[in-house]
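Breakdown of the fold
Residue-level listing of the chains:
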Amino acid sequence: KCPEDCSQCFEYDDVIDNPKLNDQSNNVNKNRFHRTPRYNNKHPKGYYHTGTDILANLDKELKSMLCGEVVEALDTKGDLGMIVTIKSKDKNGKFIWIRYCHLNSYSVSKGQKIKHGKVFGKSGNTGNAKDILPQYYHVHIEASTNGVFYGGNTRVDPEQFMKTKFDE
């Protein structure tokens, strides 16, 4: 169904086969977009997770969830580590940016078109995921309606663009 030019995506895919939610902290919902508040010294009043964490062993091949164009493939040298961001149009024709974070490597470049289900990189533990236990290695996935991921309120739940649907 998806056009060859990757201009819109009608069939979504999963970032890995048989995806599982990260249950680090014994609470899977802490690692899902805006489900359960998190608390720490930096945020004593709590905050919500900005994406969804899918467990992925080190160097697992990652696949694009939607067809689109790579708008970023870089090392942030910050909390997100290596990232790839793909600009897409969803099933309804609305623009959506999907960002994949904590990668060990990527095999795409800015401006490249990619179909859903095609490999763009490998999972890792870069950024603030560098010190987590191996059983919790994951790819952090975020979604935005305008490509702005910091500040503002344009982030949306990335799970709506995943083939697999998780129970609450």
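Everything below is about the structure shown above.
Residues numbered from 1 in each chain as written. Predicted model: local features only at pLDDT ≥ 70, side-chain atom pairs only at ≥ 80, totals over all residues. Heavy atoms only, no water.

1. Digging into the environment of Asp53
Note on placement: Asp53 falls in strand β1 (residues 52-55). On a C-alpha basis, the gap between Asp53 and Phe166 in space is 12 Å, while along the polypeptide they are 113 residues apart. Non-local contacts of Asp53, meaning those with residues more than four positions away in its chain, are made with Lys20, Leu21, Asn22, Asn31, Arg38, His138, Val139 and His140. A distance of 2.8 Å separates the side chain of Asp53 from the side chain of His140, its partner in a polar contact. (Helix = DSSP H or I, 4+ residues; strand = E, 2+ residues; numbered from the N terminus. Contact = heavy atoms within 4.5 Å. Polar contact = N/O pair within 3.5 Å; in protein donor to acceptor, adjacent residues only side chain to side chain.)

2. Focus on unusual backbone geometry
Excluding glycine, residues mostly have negative phi values, and the peptide bonds linking residues are mostly trans. At Cys6, a residue that is not glycine, the phi angle is positive and equals roughly 60°. Looking at the secondary structure, you find Cys6 in the segment before β1. Here the phi dihedral of Asp59 falls at roughly 65°; this positive angle occurs in a residue that is not glycine. By relative accessible area, Asp59 is classed as partly exposed at 40%. (Buried < 20%, exposed > 50% of the residue type's maximum accessible area, 1.4 Å probe, protein only.)

3. Considerations on the layout of surface pockets
In this model, the largest pocket occupies a volume close to 820 Å³. Along the walls of the largest pocket sit 25 residues, with Arg38, Tyr47, His49, Asp79 and Asn128 positioned nearest its centre. Here the residues of the lining of the largest pocket are counted per class, giving seven nonpolar, 11 polar and seven charged. (1 Å grid on protein atoms, 1.4 Å probe; cavity = no way out; pocket = protein on both sides within 12 Å on 5 of 7 lines; lining within 4 Å. Points joined across faces, edges and corners; volume = space filled by probe spheres on them. Nonpolar A, V, L, I, M, F, W, Y, C, P; charged D, E, K, R; others polar.)

4. A short note on the environment of Val28
Note that Val28 resides in the segment before β1. Exposure remark for Val28: the relative accessible area of 29% places this residue in the partly exposed category. For the pair Val28 and Asp167, spaced 139 residues apart in the sequence, the C-alpha separation amounts to 11 Å. When neighbours within four sequence positions are excluded, Val28 is seen to be in contact with Leu21, Asn22 and Asp23.

5. Side note on the pattern of salt bridges
The full count for this structure, using the stated rule, is nine salt bridges. The residue Glu69 makes a salt bridge to Lys113 at a minimum N-O spacing of 3.5 Å. Of the two residues, Glu69 is situated in strand β3 (residues 68-75) and Lys113 in strand β6 (residues 113-114); the sequence distance between them amounts to 44 residues. Take Glu69: its relative accessible area is 29%, and that puts it in the partly exposed class. Measuring nitrogen to oxygen at the nearest pair gives 3.7 Å for the salt bridge that ties Asp75 to Lys77. Connected through shared salt-bridge partners, Arg32, Arg35, Asp157 and Glu159 make up one network. (Salt bridge = Lys/Arg side-chain N within 4 Å of Asp/Glu carboxyl O.)

6. Structural notes on the nonpolar core
By size, the foremost hydrophobic cluster in this structure holds 31 residues, and its most contacted members are Val15, Ile54, Met65, Ile98, Tyr100 and Ile141. Those elements that place two or more of their residues in this core are β3, β4 (82-89), β5 (95-106) and β8 (138-144). Ranked by the residues each element gives to this core, the list is headed by β5, at four residues. When near neighbours in sequence (up to four residues on either side) are disregarded, Met65 contacts Glu11, Tyr12, Asp13, Asp14, Val15, Ile98, Tyr100, His116, Ile141, Pro158, Phe161 and Met162. (Core = buried A, V, L, I, M, F, W, Y, C linked by side-chain atoms within 4.5 Å.)

7. Things to note about the environment of Phe10
Along the chain, the position of Phe10 falls in the segment before β1. In the structure, Phe10 is positioned 106 residues away from His116 in sequence and 9.4 Å away in space, judged by C-alpha atoms.

8. Focus: the packing of aromatic side chains
This model, assessed by the stated rule, comprises three aromatic pairs. Consider the rings of Tyr12 and Phe161, whose centres lie 5.9 Å apart with planes at 55°: the pair is tilted. Highlighted residues: Tyr12 in the segment before β1 and Phe161 in the segment after β9 (155-156), separated in sequence by 149 residues. Across this residue pair, the class does not change: Tyr12 and Phe161 are buried. Consider the rings of Phe95 and Trp97, whose centres lie 6.1 Å apart with planes at 40°: the pair is tilted. Of the residues examined, Phe95 reaches a relative accessible area of 41% and is grouped as partly exposed. It is Lys91 that lies over the ring of Tyr12; its NZ or CZ is 4.5 Å from the centre. (Phe/Tyr/Trp six-rings, centres within 6.5 Å; stacked < 30°, edge-to-face > 60°. Lys NZ or Arg CZ within 6 Å of the ring centre and 35° of its normal.)

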